[in-house]
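Reading the structure
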Amino acid sequence: MFDSISGSIKSAVNKIRHKDDAASLKKATTELRKSLLKSDVHHKTTKELVTAVELETKKNGIGQDSFLKALQNELTNILTTEGNQGFVFSSTPPTTILMTGLQGSGKTTTTGKLANYLKLRKKKVLVAACDLQRLAAVEQLKQIAAQIEVDIYFDDEAKDPVEIALAAKEKAKKDLYDVLLIDTAGRLAIDEELMQQLHDVKEAINPNEIFYVADSLTGHDATKTASTFKEKIGIDGVILSKYDGDTKGGVAISLSHQVGVPLRFIGIGEKMPDLEVFIPDRIVSRLMG
Ligand code: GDP
């Protein structure tokens, strides 16, 4: 999957020729630094990771195995952020989730995937169409809901996402839904109006969690945007979409390290079942090849 980073890691390891050879460890860490930067890992994350790998390798005795083990440990540490994993249900249903993200990130598709994931686990799910920004978004969610046979709340007359979200929450309570997923508006880039709208929906709904859908293919921008969403409206989890198309793989590492919000799920294709719970060990294995 991540042939380039896996290949560079192997080539970094191969720089270590002999046991306890400090000069070759330097060469290996230089190679590792270059490969991480090339794979979209943030420069601060790269620096910390490489320093930690170097120290741990020295501590355990320089050698190929100890270098690999140190790298595996450090990657796992970074990807294992404190906080929830997968989906967490509130003790007072409906568990209400705001789905946020930039336009095109895969937010509406991911709302459907998550609804499908929950439905397969026998949960009664309602999705709410509050993305009034993108013309086709409501129609798209209607089609997805029909396809996965999940109920949808929409209001073609309403102009205010807060109004729709409130009505959806009322319905979810009244009809005893387990989960309410609210698809919100995105923009091509962050702007104040969008943040204000998300803030208003959040205040009105008081969701259990806010998920941010980050597009893996946007590299460093995914980390920057997620940080801004975190700062402006607060996010509780990241869903990394389009991971199947990502050949570099570094964005998960940067997001975990720089944003400090747990990655909860990854999107691995365009179809409804293409959603996996984010499991750090699994990602580390894919990165290390
Ligand atoms: P929104 O504007 O954020 O609601 O974005 P959409 O949900 O419309 O998704 C934008 C495009 O990304 C669509 O063509 C989706 O099929 C595609 N997409 C979403 N998630 C994934 C994913 O995990 N993998 C792939 N390959 N495509 C995805």
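Quick summary incoming for the structure in this document. (Residues numbered from 1 in each chain as written. Predicted model: local features only at pLDDT ≥ 70, side-chain atom pairs only at ≥ 80, totals over all residues. Heavy atoms only, no water.)

With that out of the way, let us pick up the sheet that holds strand E3 (residues 151-153). Reading across the sheet, the eight strands line up as E3-E2-E4-E1-E5-E6-E7-E8 and stay open at both edges, with mixed pairing between neighbours. The outermost strands of the open sheet, each flanked by one partner alone, are E3 and strand E8 (275-277). For this sheet, the mean inter-axis angle between neighbouring strands, taken without regard to orientation, is 25 degrees. Relative to strand E4 (residues 179-184), strand E2 (residues 125-130) is paired through six bridges, and the arrangement is parallel. Bridge assignment links Cys 130 to a residue of E4, and that residue is Thr 184. In this fold helix H5 (residues 107-120) packs onto strand E1 (95-101), E2, E4, strand E5 (209-215), strand E6 (237-241), strand E7 (263-267) and E8, with an angle of close to 170 degrees to the strand it touches most, E4. Relative to the sheet, helix H8 (residues 192-205) contacts E1, E4 and E5, its axis offset from that of E1 by approximately 175 degrees. (Pairing = 2+ DSSP bridges. Helix = DSSP H or I, 4+ residues; strand = E, 2+ residues; numbered from the N terminus. Axes fitted to C-alpha atoms, helices over the stretch in contact; angles between N-to-C directions. Contact = heavy atoms within 4.5 Å.)

The space that makes up the largest pocket amounts to roughly 280 Å³. In terms of lining, the largest pocket is formed by 19 residues, of which the most central are Gly 104, Ser 105, Gly 106, Thr 109 and Lys 242. A per-element tally of the lining of the largest pocket places H5 first, with five residues. Within the lining of the largest pocket, the residues separate by chemical class into one nonpolar, eleven polar and seven charged. (1 Å grid on protein atoms, 1.4 Å probe; cavity = no way out; pocket = protein on both sides within 12 Å on 5 of 7 lines; lining within 4 Å. Points joined across faces, edges and corners; volume = space filled by probe spheres on them. Nonpolar A, V, L, I, M, F, W, Y, C, P; charged D, E, K, R; others polar.)

Of all six residues making up E4, six are buried, and the element is well covered by its neighbours. Burial along E4 is two-sided: the residues Val 179, Leu 181 and Asp 183 and Leu 180, Ile 182 and Thr 184 are all buried. Relative to E4, E1 is paired through five bridges, and the arrangement is parallel. Opposite Leu 98, over in E4, you have Ile 182 as the bridge partner. (Buried < 20%, exposed > 50% of the residue type's maximum accessible area, 1.4 Å probe, protein only.)

Turning our eyes to something else, we now look at the site of the ligand. The immediate surroundings of the ligand are formed by 18 residues, with Gly 104, Lys 107, Thr 109, Asp 244 and Glu 270 found nearest. Between the ligand and Gly 106 there is a distance of 2.9 Å, counted from an oxygen atom to a backbone nitrogen or oxygen. At 2.8 Å, a side-chain N or O of Asp 244 approaches a nitrogen atom of the ligand. Calculation on the ligand without its partners gives an accessible area of 580 Å², and the protein chains cover 81% of this total. With respect to the pocket detection grid, the ligand is positioned in the largest pocket. No other element matches the four residues that H5 contributes to the shell around the ligand. (Near = heavy atom within 4 Å. Polar contact = N/O pair within 3.5 Å; in protein donor to acceptor, adjacent residues only side chain to side chain. Areas by Shrake-Rupley, 256 points an atom, 1.4 Å probe, with all protein chains shown as cover. Sits in = over half its atoms within 2 Å of the grid points.)

A surface patch of like charges, here negative, comprises Asp 160, Glu 163, Asp 200 and Glu 203. Take Asp 160: it is sitting in the loop between E3 and helix H7 (161-174). With relative accessibility at 34%, the residue Asp 160 sits in the partly exposed group. (Patch = residues over 30% accessible without salt bridge, like charges linked within 9 Å, V, L, I, M, F, W, Y side chains within 5 Å. Salt bridge = Lys/Arg side-chain N within 4 Å of Asp/Glu carboxyl O. Lys, Arg positive; Asp, Glu negative; His and termini not counted. Charge placed at Lys NZ, Arg CZ, Asp CG, Glu CD.)

Further remarks concern the pattern of salt bridges. Applying the stated criterion to the full structure yields 19 salt bridges. Between Lys 248 and Asp 40 there is a salt bridge whose closest N-O contact spans 3.6 Å. Of the two residues, Lys 248 sits in the loop between E6 and helix H10 (250-259) while Asp 40 sits in the loop between helix H2 (22-38) and helix H3 (43-60), which places them 208 residues apart along the sequence. Among the ionic pairs, Asp 175 bridges to Lys 171, the shortest N-O distance being 3.0 Å. For Lys 171, a relative accessible area of 25% gives the class partly exposed. Counted as one network, the salt bridges with shared partners bring together Lys 26, Glu 54 and Lys 58.

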